[in-house]
Amino acid sequence: MKSKKVEQALNEQIKVEYESSQFYLAMASWAETEGLNGTANFLYGQSEEERQHMLKLIRFVNERGGQAVIPALPEPPKSFESLQSIFQHLLDHEMKVTDSINEVVGTCLSEKDYTTHNFMQWYVSEQIEEESMARNLLDQLNLIGNDKGGLYLFDRDLNSGNVSTE
Ligand code: FEO
């Protein structure tokens, strides 16, 4: 790529998306072992989406004449406290991803790389959606609190797509 700084920033973003995918996969696996099958299915889907975000970046870097680097990652957590804690992690994590995407966009502007800037706009919009979805699910869980019946219905509805994520 013409700007090594942009290439480096994109490689850092590849790592962030990969980390998101593995983090959500760990959450999904834990939820499945807890019998929270709706939550598990939802998180397996989120993990797959993050993997697609990573792939899209890898292919862009390589197609633009750079070299995408596949990083090693630390092991994600094995267990989580509760459904609430999972969705709090999800929201906190997505907010960090947004910061990191904004950093990439900033680097594109300072390096006058308008092609990559344009490419990154897809990620900017995606983050707005993902943050709002995570906030929405967390709000619903905070309303449910520790009510077992409410948590059961939340998990069931997440599986059938009946929980509002917008
Ligand atoms: Fe691809 Fe949710 O960040």
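Above this note sits the structure.
Read on for a plain summary of the structure. Just so you know, these numbers come straight off a predicted model, no measurement behind them. (Residues numbered from 1 in each chain as written. Predicted model: local features only at pLDDT ≥ 70, side-chain atom pairs only at ≥ 80, totals over all residues. Heavy atoms only, no water.)

**Quick word on helix α2 (residues 37-63)**
Residues spaced three or four apart along an α-helix face the same direction, because each turn holds 3.6 residues.
Turning to step 1, where the next piece is worked out: For α2, which comprises 27 residues, the first-to-last C-alpha distance of 39 Å matches the rise-based estimate of 39 Å (1.5 Å per residue) to within 8%.
Turning to step 2, where the next piece is worked out: Within two residues after α2, Gly65 carries a phi angle of roughly 90 degrees, on the positive side. (Helix = DSSP H or I, 4+ residues; strand = E, 2+ residues; numbered from the N terminus. Expected span 1.5 Å × (residues − 1).)

**Re unusual backbone geometry**
Turning to step 1, where the next piece is worked out: Backbone geometry at Lys112 places phi at a positive 55 degrees, although glycine is not the residue there.
Turning to step 2, where the next piece is worked out: With respect to the element layout, Lys112 can be found in the loop between α3 (83-110) and α4 (114-144).
Turning to step 3, where the next piece is worked out: Given the relative accessible area of 61%, Lys112 is considered exposed. (Buried < 20%, exposed > 50% of the residue type's maximum accessible area, 1.4 Å probe, protein only.)

**Side note on the environment of Ile86**
Turning to step 1, where the next piece is worked out: Summarising the element assignment, Ile86 is placed in helix α3.
Turning to step 2, where the next piece is worked out: Separated by 56 residues in sequence, Ile86 and Trp30 have C-alpha atoms that sit 9.9 Å apart.
Turning to step 3, where the next piece is worked out: Ile86 has contacts with Met27, Trp30, Leu43 and Phe80, leaving out every residue within four places of it along the chain. (Contact = heavy atoms within 4.5 Å.)

**Some words on the side chain of Gln84**
Turning to step 1, where the next piece is worked out: Along the chain, Gln84 falls in helix α3.
Turning to step 2, where the next piece is worked out: Discounting chain neighbours no more than four positions away, the residues touching Gln84 are Leu138, Leu141, Asn142, Gly145 and Leu151.

**A word on the packing of α2 against α4**
Turning to step 1, where the next piece is worked out: Contact geometry of α2 with α4 gives a least axis separation of 12 Å together with a crossing angle of 170 degrees. By the criterion of interaxial angle, the relationship of α2 to α4 is roughly antiparallel. Between α2 and α4 lies a crossing of left-handed hand. Touching Phe42, Gln46, Glu49, Glu50, His53, Lys56, Leu57 and Phe60 of α2 are Thr116, Phe119, Met120, Trp122, Tyr123, Glu126, Glu130, Met133 and Leu137, all from α4.
Turning to step 2, where the next piece is worked out: The class makeup of the residues in the contact of α2 with α4 is 9 nonpolar, 3 polar and 5 charged. (Axes fitted to C-alpha atoms, helices over the stretch in contact; angles between N-to-C directions. Parallel < 35°, antiparallel > 145°, perpendicular 65-115°, else oblique. Left-handed = near helix turned anticlockwise from the far one by under 90°. Nonpolar A, V, L, I, M, F, W, Y, C, P; charged D, E, K, R; others polar.)

**Regarding the pattern of salt bridges**
Turning to step 1, where the next piece is worked out: This model, assessed by the stated rule, comprises 5 salt bridges.
Turning to step 2, where the next piece is worked out: Note that Lys4 and Glu7 form a salt bridge whose closest N and O atoms lie 3.0 Å from each other. Of the two residues, Lys4 and Glu7 both sit in helix α1 (residues 4-33), 3 residues apart, roughly one turn of that helix.
Turning to step 3, where the next piece is worked out: Assessed through its relative accessible area of 56%, Lys4 is described here as exposed.
Turning to step 4, where the next piece is worked out: A relative accessible area of 8% places Glu7 in the buried class.
Turning to step 5, where the next piece is worked out: The closest approach of N and O atoms between Glu75 and Lys78, which form a salt bridge, is 2.9 Å. (Salt bridge = Lys/Arg side-chain N within 4 Å of Asp/Glu carboxyl O.)

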